[in-house]
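Survey of secondary and tertiary structure
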Amino acid sequence: MYHIYIFRAVLLIIQSILFFASSLYLLHLMKIVDKNMHLHILARAMFGLIMAVLLLAHMTYVPAPFYSIGCLIATCCYYKFIVENLKDDHYQELDRLLRKEQEYKKQINNIELIANTDPLTGVKSARAYSEAISEIDDLILKDKLQEFGVIVFDVNNLKSTNDKYGHKMGDILLMTAARTIIKYFTDNDLYRIGGDEFVVMLKGKQFTNRKMILADFETEIENNVKNKGVIIASGISIYRPRQDTCYRLIFERADLRMYDCKALLKVMEQSYH
(Lines give C-alpha, C1' and ligand atoms only; values in the text may rest on other atoms or scores of the structure.)
Protein backbone atom coordinates (compact mmCIF):
# COMPACT_ATOMS: atom_id res chain seq x y z
CA MET A 1 0.00 0.00 0.00
CA TYR A 2 1.16 3.52 -0.76
CA HIS A 3 0.55 5.74 2.29
CA ILE A 4 0.15 9.46 1.78
CA TYR A 5 1.33 11.68 4.62
CA ILE A 6 0.40 15.30 5.14
CA PHE A 7 4.03 16.45 5.15
CA ARG A 8 4.51 15.15 1.61
CA ALA A 9 1.41 16.99 0.42
CA VAL A 10 2.66 20.21 2.04
CA LEU A 11 6.00 19.86 0.24
CA LEU A 12 4.25 19.35 -3.09
CA ILE A 13 2.10 22.42 -2.50
CA ILE A 14 5.18 24.48 -1.57
CA GLN A 15 6.94 23.32 -4.75
CA SER A 16 3.88 24.22 -6.84
CA ILE A 17 3.71 27.68 -5.25
CA LEU A 18 7.45 28.26 -5.86
CA PHE A 19 7.19 27.17 -9.49
CA PHE A 20 4.10 29.31 -10.02
CA ALA A 21 5.65 32.35 -8.29
CA SER A 22 8.86 32.07 -10.31
CA SER A 23 6.79 31.88 -13.51
CA LEU A 24 4.90 35.04 -12.62
CA TYR A 25 8.16 36.81 -11.81
CA LEU A 26 9.65 35.77 -15.16
CA LEU A 27 6.55 36.95 -17.02
CA HIS A 28 6.90 40.29 -15.23
CA LEU A 29 10.56 40.49 -16.35
CA MET A 30 9.47 40.29 -19.99
CA LYS A 31 8.19 43.87 -19.69
CA ILE A 32 11.61 45.30 -18.82
CA VAL A 33 14.18 43.16 -20.65
CA ASP A 34 15.32 43.25 -24.27
CA LYS A 35 12.90 41.73 -26.80
CA ASN A 36 15.57 39.28 -27.93
CA MET A 37 15.34 37.63 -24.50
CA HIS A 38 11.51 37.27 -24.49
CA LEU A 39 11.50 33.73 -25.91
CA HIS A 40 14.05 32.54 -23.34
CA ILE A 41 12.15 34.05 -20.42
CA LEU A 42 8.81 32.73 -21.69
CA ALA A 43 10.26 29.22 -21.97
CA ARG A 44 11.49 29.41 -18.38
CA ALA A 45 8.09 30.67 -17.25
CA MET A 46 6.37 27.80 -19.10
CA PHE A 47 8.74 25.38 -17.38
CA GLY A 48 7.53 26.65 -13.98
CA LEU A 49 3.83 26.66 -14.94
CA ILE A 50 3.98 23.10 -16.34
CA MET A 51 5.67 21.86 -13.16
CA ALA A 52 3.20 23.74 -10.91
CA VAL A 53 0.13 22.33 -12.69
CA LEU A 54 1.39 18.74 -12.83
CA LEU A 55 2.55 18.82 -9.20
CA LEU A 56 -0.99 19.77 -8.17
CA ALA A 57 -2.32 16.99 -10.40
CA HIS A 58 0.10 14.62 -8.73
CA MET A 59 -1.52 15.40 -5.36
CA THR A 60 -4.92 14.27 -6.63
CA TYR A 61 -3.67 10.83 -7.59
CA VAL A 62 -0.26 10.07 -6.19
CA PRO A 63 0.41 6.72 -7.95
CA ALA A 64 0.13 8.39 -11.37
CA PRO A 65 3.50 9.63 -12.84
CA PHE A 66 2.43 13.28 -13.13
CA TYR A 67 5.65 14.49 -11.51
CA SER A 68 7.82 12.63 -14.05
CA ILE A 69 5.60 13.70 -16.95
CA GLY A 70 5.93 17.32 -15.79
CA CYS A 71 9.73 17.01 -15.64
CA LEU A 72 9.87 15.51 -19.15
CA ILE A 73 7.55 18.07 -20.76
CA ALA A 74 9.15 21.03 -18.98
CA THR A 75 12.69 19.84 -19.79
CA CYS A 76 11.80 19.32 -23.47
CA CYS A 77 10.31 22.81 -23.57
CA TYR A 78 13.43 24.24 -21.94
CA TYR A 79 15.73 22.39 -24.37
CA LYS A 80 13.72 23.32 -27.48
CA PHE A 81 13.25 27.01 -26.80
CA ILE A 82 16.37 27.82 -24.78
CA VAL A 83 19.23 25.37 -25.33
CA GLU A 84 18.63 24.99 -29.09
CA ASN A 85 18.03 28.71 -29.43
CA LEU A 86 21.23 29.49 -27.56
CA LYS A 87 23.12 27.12 -29.85
CA ASP A 88 21.74 28.99 -32.87
CA ASP A 89 22.70 32.29 -31.25
CA HIS A 90 26.23 31.01 -30.62
CA TYR A 91 26.53 29.80 -34.22
CA GLN A 92 25.32 33.16 -35.49
CA GLU A 93 27.74 34.99 -33.22
CA LEU A 94 30.57 32.71 -34.34
CA ASP A 95 29.64 33.32 -37.97
CA ARG A 96 29.55 37.08 -37.33
CA LEU A 97 32.99 36.97 -35.69
CA LEU A 98 34.40 34.92 -38.58
CA ARG A 99 33.02 37.39 -41.12
CA LYS A 100 34.44 40.25 -39.08
CA GLU A 101 37.84 38.54 -38.98
CA GLN A 102 37.72 38.03 -42.75
CA GLU A 103 36.89 41.72 -43.20
CA TYR A 104 39.84 42.66 -40.97
CA LYS A 105 42.14 40.41 -43.00
CA LYS A 106 40.83 41.93 -46.22
CA GLN A 107 41.45 45.43 -44.84
CA ILE A 108 44.96 44.47 -43.73
CA ASN A 109 45.69 42.99 -47.16
CA ASN A 110 44.38 46.16 -48.82
CA ILE A 111 46.55 48.31 -46.55
CA GLU A 112 49.59 46.15 -47.33
CA LEU A 113 48.80 46.33 -51.05
CA ILE A 114 48.58 50.12 -50.90
CA ALA A 115 51.81 50.33 -48.87
CA ASN A 116 53.61 48.02 -51.31
CA THR A 117 52.42 49.83 -54.44
CA ASP A 118 53.95 52.98 -55.86
CA PRO A 119 51.04 55.46 -56.15
CA LEU A 120 52.32 57.11 -59.34
CA THR A 121 53.35 54.21 -61.55
CA GLY A 122 51.41 51.31 -60.00
CA VAL A 123 54.50 49.08 -59.75
CA LYS A 124 55.89 47.82 -56.45
CA SER A 125 57.08 50.44 -53.97
CA ALA A 126 60.36 51.05 -52.15
CA ARG A 127 58.83 49.41 -49.07
CA ALA A 128 58.13 46.22 -51.03
CA TYR A 129 61.67 46.43 -52.42
CA SER A 130 63.14 46.51 -48.89
CA GLU A 131 61.13 43.41 -47.96
CA ALA A 132 62.30 41.64 -51.13
CA ILE A 133 65.94 42.47 -50.33
CA SER A 134 65.53 40.94 -46.86
CA GLU A 135 64.15 37.74 -48.40
CA ILE A 136 67.01 37.56 -50.93
CA ASP A 137 69.63 38.14 -48.22
CA ASP A 138 68.05 35.39 -46.14
CA LEU A 139 68.22 32.95 -49.09
CA ILE A 140 71.86 33.90 -49.75
CA LEU A 141 72.71 33.32 -46.10
CA LYS A 142 71.13 29.85 -46.23
CA ASP A 143 72.79 29.14 -49.61
CA LYS A 144 69.36 28.54 -51.18
CA LEU A 145 69.38 31.28 -53.84
CA GLN A 146 69.53 29.98 -57.41
CA GLU A 147 69.18 31.61 -60.84
CA PHE A 148 68.76 35.17 -59.72
CA GLY A 149 69.63 38.47 -61.36
CA VAL A 150 69.01 42.19 -61.04
CA ILE A 151 68.42 44.85 -63.69
CA VAL A 152 68.69 48.49 -62.64
CA PHE A 153 66.86 51.07 -64.76
CA ASP A 154 67.23 54.85 -64.76
CA VAL A 155 65.01 57.26 -66.67
CA ASN A 156 67.01 59.84 -68.62
CA ASN A 157 66.08 63.54 -68.75
CA LEU A 158 63.67 63.54 -65.78
CA LYS A 159 65.22 66.65 -64.21
CA SER A 160 65.30 68.59 -67.47
CA THR A 161 61.67 67.60 -68.17
CA ASN A 162 60.60 68.81 -64.72
CA ASP A 163 62.52 72.06 -65.13
CA LYS A 164 61.30 72.74 -68.65
CA TYR A 165 57.72 71.45 -68.64
CA GLY A 166 56.83 71.06 -64.97
CA HIS A 167 56.42 68.11 -62.62
CA LYS A 168 53.21 66.94 -64.26
CA MET A 169 55.11 66.16 -67.44
CA GLY A 170 57.84 64.55 -65.31
CA ASP A 171 55.20 62.27 -63.76
CA ILE A 172 53.94 61.33 -67.23
CA LEU A 173 57.52 60.50 -68.23
CA LEU A 174 57.89 58.18 -65.21
CA MET A 175 54.55 56.47 -65.89
CA THR A 176 55.53 55.98 -69.54
CA ALA A 177 58.88 54.53 -68.46
CA ALA A 178 57.16 52.08 -66.10
CA ARG A 179 54.78 50.93 -68.86
CA THR A 180 57.73 50.49 -71.22
CA ILE A 181 59.58 48.25 -68.76
CA ILE A 182 56.40 46.25 -67.99
CA LYS A 183 56.11 45.41 -71.72
CA TYR A 184 59.18 43.21 -71.27
CA PHE A 185 59.25 42.38 -67.56
CA THR A 186 56.32 41.47 -65.31
CA ASP A 187 55.08 44.22 -62.99
CA ASN A 188 55.19 41.70 -60.13
CA ASP A 189 59.01 41.86 -60.22
CA LEU A 190 59.34 45.58 -60.99
CA TYR A 191 60.08 48.05 -58.18
CA ARG A 192 60.36 51.83 -58.18
CA ILE A 193 63.19 52.43 -55.71
CA GLY A 194 63.73 56.16 -56.15
CA GLY A 195 62.69 59.22 -58.13
CA ASP A 196 63.73 57.94 -61.56
CA GLU A 197 65.15 54.51 -60.66
CA PHE A 198 63.50 51.13 -61.15
CA VAL A 199 64.69 47.62 -60.43
CA VAL A 200 63.64 44.25 -61.84
CA MET A 201 64.48 41.10 -59.92
CA LEU A 202 65.00 38.31 -62.43
CA LYS A 203 63.65 34.88 -61.55
CA GLY A 204 62.26 31.85 -63.34
CA LYS A 205 61.50 32.29 -67.06
CA GLN A 206 62.57 35.93 -67.01
CA PHE A 207 65.99 34.87 -65.74
CA THR A 208 66.26 32.11 -68.37
CA ASN A 209 65.25 34.43 -71.23
CA ARG A 210 66.99 37.54 -69.87
CA LYS A 211 69.36 38.05 -72.80
CA MET A 212 66.62 37.96 -75.43
CA ILE A 213 64.25 40.11 -73.36
CA LEU A 214 66.91 42.71 -72.57
CA ALA A 215 68.02 42.82 -76.21
CA ASP A 216 64.44 43.58 -77.32
CA PHE A 217 64.16 46.24 -74.60
CA GLU A 218 67.43 47.89 -75.65
CA THR A 219 66.30 47.90 -79.27
CA GLU A 220 63.16 49.84 -78.32
CA ILE A 221 65.22 52.31 -76.28
CA GLU A 222 67.58 52.90 -79.23
CA ASN A 223 64.55 53.62 -81.41
CA ASN A 224 63.25 55.98 -78.74
CA VAL A 225 66.55 57.86 -78.80
CA LYS A 226 66.09 58.43 -82.55
CA ASN A 227 62.40 59.32 -82.22
CA LYS A 228 62.64 61.39 -79.02
CA GLY A 229 60.73 58.84 -76.96
CA VAL A 230 61.30 57.79 -73.37
CA ILE A 231 64.95 56.87 -72.78
CA ILE A 232 65.80 54.34 -70.07
CA ALA A 233 69.31 53.24 -69.20
CA SER A 234 69.72 49.68 -67.90
CA GLY A 235 72.37 47.51 -66.29
CA ILE A 236 72.22 43.82 -65.44
CA SER A 237 74.04 41.65 -62.92
CA ILE A 238 73.75 37.94 -62.15
CA TYR A 239 74.09 36.34 -58.72
CA ARG A 240 77.40 34.56 -58.17
CA PRO A 241 77.00 31.72 -55.68
CA ARG A 242 79.53 31.74 -52.83
CA GLN A 243 80.95 35.06 -54.09
CA ASP A 244 78.02 37.41 -53.52
CA THR A 245 77.45 37.36 -49.77
CA CYS A 246 74.52 39.80 -49.92
CA TYR A 247 72.10 41.43 -52.35
CA ARG A 248 73.96 44.75 -52.23
CA LEU A 249 76.93 43.31 -54.17
CA ILE A 250 74.67 42.14 -57.01
CA PHE A 251 72.90 45.49 -57.11
CA GLU A 252 76.12 47.53 -57.15
CA ARG A 253 77.44 45.69 -60.23
CA ALA A 254 74.15 46.27 -62.05
CA ASP A 255 74.12 49.92 -60.97
CA LEU A 256 77.63 50.51 -62.38
CA ARG A 257 76.63 48.95 -65.71
CA MET A 258 73.51 51.10 -65.77
CA TYR A 259 75.62 54.27 -65.44
CA ASP A 260 77.81 53.09 -68.32
CA CYS A 261 74.67 52.57 -70.39
CA LYS A 262 73.32 55.98 -69.33
CA ALA A 263 76.49 57.70 -70.54
CA LEU A 264 76.32 55.83 -73.86
CA LEU A 265 72.69 56.83 -74.37
CA LYS A 266 73.58 60.46 -73.69
CA VAL A 267 76.21 60.33 -76.44
CA MET A 268 73.69 58.68 -78.82
CA GLU A 269 71.10 61.30 -77.98
CA GLN A 270 73.55 64.15 -78.75
CA SER A 271 74.56 62.57 -82.04
CA TYR A 272 70.92 62.27 -83.20
CA HIS A 273 69.76 65.66 -81.97
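Residues numbered from 1 in each chain as written. Predicted model: local features only at pLDDT ≥ 70, side-chain atom pairs only at ≥ 80, totals over all residues. Heavy atoms only, no water.

**Observations regarding the pairing of strand 3 (residues 197–202)**
Most of strand 3 sits out of view: 6 of its 6 residues are buried. Burial along strand 3 is two-sided: Glu197, Val199 and Met201 and Phe198, Val200 and Leu202, pointing in opposite directions, are all buried. The sheet contact formed by strand 1 (residues 149–155) and strand 3 spans 6 bridges and is antiparallel. Residue phenylalanine 153 lies in a different strand from strand 3, and its bridge partner there is phenylalanine 198. Two strands pair when backbone bridges link them, and strand 2 (residues 190–192) and strand 3 are joined in this way by 3 bridges, in the antiparallel orientation. From the neighbouring strand, arginine 192 faces strand 3, where its bridge partner is phenylalanine 198. A loop of 4 residues connects strand 2 with strand 3, the two strands running antiparallel in sequence. (Buried < 20%, exposed > 50% of the residue type's maximum accessible area, 1.4 Å probe, protein only. Helix = DSSP H or I, 4+ residues; strand = E, 2+ residues; numbered from the N terminus. Pairing = 2+ DSSP bridges.)

**Focus on helix 8 (residues 210–227)**
An α-helical turn contains 3.6 residues, so a residue and the one three or four places further along point in the same direction. Between its first and last C-alpha, helix 8 extends 25 Å over 18 residues, near the 26 Å set by a 1.5 Å rise per residue. The set of residues buried in helix 8 consists of Arg210, Ile213, Leu214, Phe217, Glu220, Ile221, Asn224 and Val225. The arc that holds every buried residue of helix 8, seen down its axis, measures 150°, which confines them to one face. Structural note: helix 8 exposes Lys211, Met212 and Asn227 on the side pointing more than 90 degrees away from its buried face. Taken from the residues just after helix 8, lysine 228 is the one with a positive phi, measuring 60°. (Expected span 1.5 Å × (residues − 1). Arc of directions from axis to C-beta.)

**Observations concerning the pattern of salt bridges**
Taken as a whole, this structure holds 10 salt bridges when the rule is applied. Residue glutamate 101 pairs with lysine 105 through a salt bridge whose shortest N-O separation is 3.8 Å. Note that glutamate 101 and lysine 105 are positioned in helix 3 (residues 66–115) at a spacing of 4 residues, about one turn of the helix. Note on glutamate 101: relative accessible area 40%, which makes it partly exposed. (Salt bridge = Lys/Arg side-chain N within 4 Å of Asp/Glu carboxyl O.)

**Some words on the pairing of strand 1**
Most of strand 1 is tucked away, with 7 of its 7 residues classed as buried. Neither face of strand 1 is open: one carries Gly149, Ile151, Phe153 and Val155, the other Val150, Val152 and Asp154, and all of them are buried. Looking at chain direction, strand 1 and strand 4 (residues 232–238) are connected through 7 bridges and run antiparallel. From the neighbouring strand, valine 152 faces strand 4, where its bridge partner is glycine 235.

**Digging into the sheet that holds strand 1**
The sheet built from 4 strands is open, its strands ordered 2-3-1-4 with antiparallel pairing. Two strands close off the open sheet at either side, each with one partner strand: strand 2 and strand 4. The sheet shows a mean angle of 20° between the axes of neighbouring strands, taken without regard to direction. (Axes fitted to C-alpha atoms, helices over the stretch in contact; angles between N-to-C directions.)

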